[in-house]
Amino acid sequence: MTERRNSFHLIAPHGGTLINRLLQGDIRETMRERAQSLVRVPLTPLNIADLECISTGVFSPLCGFMGEADYQSVVHHMHLTNGLPWTIPVTLAVTSDLAARISIGQTVALAEPDPAGVVGGRLLGVLEVSEKFHYDKAVEAHNVYCTTDPAHPGVARLYAQGEVYLAGDIWVFDRPIEVETTFPRLRCTPAETRRIFKERGWRRIVAFQTRNPIHRAHEYIQKTALEIVDGLLLHPLVGETKADDIPADVRVESYQAILDSYYPADRVLLSVFPAAMRYAGPREAIFHAIARKNYGCSHFIVGRDHAGVGNYYGTYDAHYIFDEFDPRALDITPLFFEHTFYCKRCGAIVSSKTCPHSKDDHIVLSGTQVRSMLERGELLPPEFTRPEVSRVLIEGMRRKNGDPAKA
Ligand SMILES: [Zn+2]
């Protein structure tokens, strides 16, 4: 048995090597001290999330922020220059003024904003600047987000950032404050998830990405996928999201409530995904799949309109885009799912693929309906959401609306 367990291998990281740019020991102390005298580059929440993902290997094989050749190749061809699939630019934008003060070959310090939003916050690491280059925001917006509409949250962020990209390898000596303070016990790096998967004897693992509470429809999809693999990585995104998304702490509480009662503990790992949302739809679906491959997952669930926002992407675009890649180069297997819902006549959770009945038999609630029920303190129908989850969401909404009397 032991021999058999040791004879298998998890899926290889993207590009073959799991990157680790977290400094340890003496070199960490030396670099932290040296950084104090370097030119400081302010990081945005997106940059901080990217730094965490690069340094812990989530974005393997990237060792830093992209240079111009990789950037252009990603924007125009969805591959790195080495031929590996890659769909989202991972870049560090600065103002022209700051760029002018930095030379190629210089090492700069990467700074968290302090509470006042100015540079002077904690230093996290250093960047060995190998390139600085101008880029075309409209081209990046059009190719990556499929729109140049400034109302798109990813495009808005792109248009607001500096005009020059700094590129080069990074080293990190301190993890971002959020990583150290928010859900510290749920932050498995790819090296850690890989170790846990091996310890549990899991070989095939499916990852479920979410930025929403788990309703019955999601539970059904996760459990259907789990039937064909060994384990489920429940991987909520807790990096920067839109202001109207449900706060990460409320979501994580709701995941724990449902896992305790309805999921076998030895088949599920709950860990948070530190990436920031880009809302780049289909391209982000590929990006999310590659990141999960680095965590050691062999399968990745892709729902309808994955990583979408508004009406910028077609319903199935995040499925179709996988056809544009060599499956051997991606390696991780996408599992495509339809929207699912409870059908009263079937007496089960179904989808349009599996149920012949009419909409009248289906229990479907809009986001607006869900919000107003929760705001009134009403449990959602149990066929739609488990009561354990409803209760957490109702409490969370009361806290958010600052109504301690009702809490
Ligand atoms: Zn039915």
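All figures in this text were calculated on a predicted structure; none of them were measured in a lab. (Residues numbered from 1 in each chain as written. Predicted model: local features only at pLDDT ≥ 70, side-chain atom pairs only at ≥ 80, totals over all residues. Heavy atoms only, no water.)

### A short note on the overall build of the protein chain
And then number 1: Scanning the protein chain from terminus to terminus reveals 16 helices and 14 strands.
And then number 2: Relative to the compact-globule value of 22 Å for 407 residues, the protein chain shows a C-alpha radius of gyration of 22 Å, a close match.
And then number 3: Along the first, second and third principal axes, the C-alpha atoms of the protein chain reach 70 × 60 × 40 Å.
And then number 4: Counting the 407 residues in the protein chain, one finds 53% classified as buried.
And then number 5: Counting 45 positive and 49 negative side-chain charges, the protein chain places the centres of these two groups 4 Å from one another. (Helix = DSSP H or I, 4+ residues; strand = E, 2+ residues; numbered from the N terminus. Rg over C-alpha atoms; globule rule 2.2 N^0.38 Å. Buried < 20%, exposed > 50% of the residue type's maximum accessible area, 1.4 Å probe, protein only. Lys, Arg positive; Asp, Glu negative; His and termini not counted. Charge placed at Lys NZ, Arg CZ, Asp CG, Glu CD.)

### Observations concerning the environment of T182
And then number 1: Within the secondary structure, T182 sits in the loop between α8 (177-181) and α9 (190-199).
And then number 2: The exposure class of T182 is partly exposed, given its relative accessible area of 27%.

### What about the side chain of H235?
And then number 1: Tracing the sequence through the fold places H235 in strand β8 (residues 231-236).
And then number 2: Setting aside chain neighbours within four positions, we find H235 in contact with F208, Q209, T210, S271, V272, F273, R292 and Y295. (Contact = heavy atoms within 4.5 Å.)

### Here we look at the sheet that holds strand β10 (residues 299-302)
Backbone hydrogen bonds hold the strands of a sheet together, and the pairing may be parallel or antiparallel.
And then number 1: Read from one edge to the other, the open sheet built from 5 strands follows the order β9-β8-β7-β10-β11, with strand pairing classed as parallel. Looking along the sheet, the strands with just one partner apiece sit at the ends: β9 (268-270) and β11 (333-336). Going across the sheet, the axis of each strand differs from the next one's by a mean of 25 degrees, ignoring polarity. (Pairing = 2+ DSSP bridges. Axes fitted to C-alpha atoms, helices over the stretch in contact; angles between N-to-C directions.)

### Details of the coordination of the zinc ion
Expected angles at a metal are 109.5 degrees for tetrahedral coordination by four donors and either 90 or 180 degrees for octahedral coordination by six donors.
And then number 1: In the first shell of the zinc ion, the protein supplies C343 (SG), C346 (SG), C355 (SG) and H357 (ND1), at 2.1 to 2.3 Å from the metal.
And then number 2: In this structure, the zinc ion is coordinated by 4 donor atoms arranged in tetrahedral fashion, with angles at the metal of 101 to 117 degrees.
And then number 3: Read in sequence order, the donor residues for the zinc ion give the motif C-x2-C-x8-C-x1-H. Note that C346 is positioned in the loop between β12 (340-343) and β13 (348-351) and H357 in the loop between β13 and β14 (362-363), a separation of 11 residues in sequence. (Donors = N, O, S within 2.8 Å, 3.2 Å for Na, K, Ca; no water. Tetrahedral: all angles 85-135°; square planar, octahedral: opposite > 155°, others 65-115°.)

### Quick word on the nonpolar core
And then number 1: In this structure, V41, F59, W86, V90 and L127 are the most contacted members of the largest nonpolar core, which totals 80 residues.
And then number 2: Once you skip the residues sitting within four places of it in the chain, V90 turns out to touch D50, I54, F59, L62, F65, M66, R278 and F287.
And then number 3: Grouped together as the second largest cluster of nonpolar side chains are 40 residues, F208, A257, I258 and I301 included. (Core = buried A, V, L, I, M, F, W, Y, C linked by side-chain atoms within 4.5 Å.)

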